[in-house]
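Breakdown of the fold
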Amino acid sequence: AVVSTQSTGKKEIETELDNLVKLASNEEKKSHLTAAQEKVNSLQDLLNDALSYLPAYDLRRSQDAVTTIHENIARVQQVCLPKKKFAFGKKKNAATNSNITENKKIGETNEKFTKYTGDVIYENKTNETLNLSKNEIHKKDVLLKNLSNCTVNLHSTIGTLHCTNCTNCTFSVGPISGSLFLENCYDSTYHVTCQQARIHTTHSATFYIHVTSKAIIEDSKDLKFGKRAEFYEGYESDLVDAGLGETNNWNDVDDFNWLSKDPSPNWRTI
């Protein structure tokens, strides 16, 4: 039933997006985008409710379908209602704050999540500390890319967080109303709260996590999961702002590479 409902919902959203590009009014486009986003959120909620009993193959196929819809919505939004994007320029000192310059397009790569670019981008940094204010990142999509030996503090409600090619970093992140996406990240520590976590090709990482659905890992190993215990001033109000509840499935992890009923060797609790 879940797979069938998702298939029908996907077709409805695709029709919504096809109609959207034909509209002349920005207000109408925004209305159709909002409707499409609400439908995909409903599909995600349906999938989250089925996590405990849906077979791994159907779970993976259904989650990939939801991810594809998110990508299509982002693509149509970028074409019809492009957001102004920001990137953080190079700074000489170790602490980086609010020096924002206009973003340049990220080049093509073979990464799984590269279709996401983010409203706020921080990339190509080594041995730096990033402290972003709530005004800069509140409910925005954030991309962290090509970081090494960095400390990142994102103390606000944000929309989504994408981390790609980050090594030996520490992240302290406020509640993410959507998903955390990780790819090609190594030897890093994450203090994070999110609706869902998708972790791909990531090794030797430690997560102190509050996740209201569950974490999904793929092509990853030596991952450790513990319950989030480190917070910041204003965290509780941000949790409410993100629409996330107290439910925390920090120790419920799906490994898409491990279909056996025996515990996956790729992750453990701490």
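Structural notes, computed from the coordinates. These figures come from a predicted structure and were not determined experimentally. Here the residue numbering is sequential within each chain, running from 1 through the sequence in written order. In keeping with the model being predicted, local features are shown solely for residues with a pLDDT of at least 70 and side-chain atom pairs are shown and tallied solely at 80 or more, while totals for entire chains, interfaces and linings include all residues. Each side-chain value is worked out from all heavy atoms of the structure, with water and hydrogens disregarded.

Regarding the packing of aromatic side chains
Each aromatic ring pair is specified by the distance between its two centres and by the angle formed by the two planes. Only centres within 6.5 Å qualify two rings of Phe, Tyr or Trp (six-membered ring in Trp) as a pair; their planes then separate them into stacked at under 30 degrees, edge-to-face at over 60, and tilted for everything else. Applying the stated criterion to the full structure yields six aromatic pairs. Geometrically, the ring pair formed by Phe171 and Tyr190 is stacked, given 4.7 Å between the ring centres and 5° between the ring planes. Here Tyr190 lies in strand β10 (residues 189-200) and Phe171 lies in strand β9 (residues 170-183), a separation of 19 residues in the sequence. Each residue is assigned to one of three classes by its accessible area relative to the maximum for its type, calculated with a 1.4 Å probe on protein chains only: buried under 20%, partly exposed between the two thresholds, exposed over 50%. Exposure remark for Phe171: the relative accessible area of 1% places this residue in the buried category. Working definition: helices are DSSP H or I runs of at least four residues, strands are E runs of at least two. Numbering for both runs from the N terminus.

Examining the pairing of strand β4 (residues 120-126)
Most of β4 sits out of view: five of its seven residues are buried. Two strands pair under a simple rule: DSSP has to find at least two bridges between them. The pairing of β4 with strand β6 (residues 141-148) spans six bridges and is parallel. Residue pairing in the sheet places Ile121 in a bridge with Leu143 of β6.

A closer look at the pairing of β9
For β9, a buried count of twelve out of 14 residues is recorded, marking the element as mostly surrounded by other parts of the structure. Both strand β7 (residues 151-154) and β9 contribute to a ladder of four bridges, which runs parallel. Paired with Leu154 across the strands is Val173, a residue of β9. Here four bridges tie strand β8 (residues 160-167) to β9, and the two strands are oriented parallel to one another. Pairing of Cys163 across the sheet is with Leu182, part of β9. Pairing geometry for β9 and β10, over ten bridges, is parallel. Along β10, the bridge assignment pairs Ser179 with Gln196.

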